[in-house]
Amino acid sequence: MAHLTFGSSCILVLFCYQVLSGNDHRDRHYVAAVYEHPVILNPNPTAITDRQTALQLMNRNLDIYEEQVIAAVKQGAQIIIFPEDGIQGFNFTRTSIYPYLDFIPYPDSVTWNPCKEAYLFNDTEVLHKLSCMAWKNQVFLVANLGTKQSCEHSDPHCPPDGRYQFNTNVVFSDNGTLIARYRKQNLYFEQAFNTPPEIDYTIFDTPFAGKFGIFTCFDILFYEPSVNLIKQFSVKQIAYPTAWMNQLPLLSAVEFQQAFATAFNINLLAANIHHPDLGMTGSGIYTPTKSSIYYDMESINGKLIVAEIPVITSEPVKSFSSFQTDNPICYKEDQEVHCGITQKEPPVIFYAEMMYDNFTFIPIMEAKGDIQVCSNTLCCNLSYQRLVLSNELYVLGVFDGLHTVHGTYYVQACALVKCAGLNYTSCGQEVTKATGLIDFQLQGNFSTAFVFPLLLRSDVTLDFADHLGWKNNYYVMQKKGGSSGLITAGLYGRWFDKD
């Protein structure tokens, strides 16, 4: 199996044509599994403990992992993904996490099977158990754990205590060999871990789907390494451990995971932690046209998802049709029924906070119409037709600016969202139920090429647009019909150059 880890100082070669290694994967499928894990947590993660006590806790989670591996393989899985922080948990300090850390050698510098060669390195008990799961069940396995690496004080990046601590993904082949490791680049308030001194672009090869890329959680919102990995190395399959806290209406886990897979025309295998009390749920196996997901804020149980998906080898053909709202529709206003009405006078523009950002909103006041709202250089246009009589307030919002809460990054967003109530002050709040059915064309003159299409319906269920893509310098999303009420139809742009 080939393993490639490229430092940021390396020269990256953009291949005009990339041939997948191994067999010809055209018209082929493979079976993937992801497990949303209800992690067993240390009730006092900041307390100092010893290695044996730490292993006792981690082994409880690893025993559950092993059960899920066996169950997945029985369903034909060839690869299984486990979530970020699923073995040791989270909310540690730099000192308190130390007993939970495994040592890991560079996979490209040594060929090592921890299950068969546990004696080679100290403090590798977790790697040993993961390797044995992969080997005994003949499955590729991706997991996340904390790792440690000593460093010299001559290294300008070396921490004062003389060691690096990394949030690390590891990959084992189906014979238990450690074939890849990825160290998380974009940490999310993780005091226990260091940012790696070089960016990892990590790729591993499989006989059933060719090459996979890998990154972790918050990485998905940044150019490095996620976007660069996909663009530079033509990766079409991504393994994605995450510990994602949902934030509606634009950044629910399943909502953005699907948007990412759709935007880049890839398969995304996403495994999240299951901890509803912290808003953590939402895993799935995503292709550009189909998703198998789990999202449950009520149950305490995790979920194993197994799905057969196609190997992607080419780009889709994007097409657009004219958007029309020719059929007269009716809505109720002041106890009177009106039919065939278009938006008359422009409603008053107002401002409200959504996702901690100050959005500019315009309400949808009529049964159908065309409206526009702008902020800085971004203008969002909506052509719409409401299909059912619904006593719900919908608004079109725009934001073009630097997001500065829980991370700093530049966002351009156009969003049609349902408000929590009928007052403008309720717009931008988290909503999970809706009945409104709306045909629409949403478009924006984005300054970034990286736009993620969001389409979320009642009870946090996913939908796919009829048409997506660029047309006359606008990114356009069209949708007619829908199985349930609309919560969000959004175009979420990331302008990386302005971060």
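Residues numbered from 1 in each chain as written. Predicted model: local features only at pLDDT ≥ 70, side-chain atom pairs only at ≥ 80, totals over all residues. Heavy atoms only, no water.

A.B. asks: An account of the packing of aromatic side chains is needed here, citing residue identities and associated values.
C.D. replies: Per the counting criterion, the structure on display carries 34 aromatic pairs. Seen in terms of ring centroids, F140 and F208 are 5.5 Å apart; in terms of plane orientation they differ by 85°. Their pairing is edge-to-face. With F140 in strand β5 (residues 140-150) and F208 in the loop between β8 (201-206) and β9 (210-214), the pair connects residues that are 68 residues apart, well separated along the chain. One exposure class covers both F140 and F208, and it is buried. For the ring pair F215 and F260, a centre distance of 5.9 Å and an interplane angle of 70° mean the geometry is edge-to-face. (Phe/Tyr/Trp six-rings, centres within 6.5 Å; stacked < 30°, edge-to-face > 60°. Helix = DSSP H or I, 4+ residues; strand = E, 2+ residues; numbered from the N terminus. Buried < 20%, exposed > 50% of the residue type's maximum accessible area, 1.4 Å probe, protein only.)

A.B. asks: Tell me about the state of the cysteines, and please be specific about residues and values.
C.D. replies: A full pass over the atoms with the stated rule returns five disulfides. Two residues share a disulfide in this structure: C151 and C158, whose sulfurs sit 2.1 Å from each other. Residues C151 and C158 are joined through a disulfide that is right-handed, its torsion about the S-S bond being 75°. As far as the burial class goes, C151 and C158 line up, both buried. (Disulfide = S-S within 2.5 Å.)

A.B. asks: A description of the layout of surface pockets should follow, citing residues and the corresponding values.
C.D. replies: Of the volumes computed, that of the second largest pocket is approximately 740 Å³. If you trace the second largest pocket, you find 31 residues lining it, with Y188, F189, E190, A243 and M245 closest to the centre. Within the lining of the second largest pocket, the residues separate by chemical class into 19 nonpolar, eight polar and four charged. (1 Å grid on protein atoms, 1.4 Å probe; cavity = no way out; pocket = protein on both sides within 12 Å on 5 of 7 lines; lining within 4 Å. Points joined across faces, edges and corners; volume = space filled by probe spheres on them. Nonpolar A, V, L, I, M, F, W, Y, C, P; charged D, E, K, R; others polar.)

A.B. asks: Describe the pairing of strand β19 (residues 368-375), naming the residues involved and giving the relevant values.
C.D. replies: Pairing geometry for β19 and strand β20 (residues 378-386), over eight bridges, is antiparallel. Paired with V373 across the strands is C380, a residue of β20. Connecting the antiparallel pair β19 and β20 is a turn made up of two residues, with N376 showing a positive phi of about 50°. (Pairing = 2+ DSSP bridges.)

A.B. asks: Outline empty space enclosed by the protein, listing residues and values.
C.D. replies: Overall, the coordinates contain one cavity of 30 Å³ or more when judged by the stated rule. Residue lining of the largest cavity: L250, M355, D357, F359, H403, V411 and Y492, and that is the complete set. Counted by class, the lining of the largest cavity contains five nonpolar, one polar and one charged residues.

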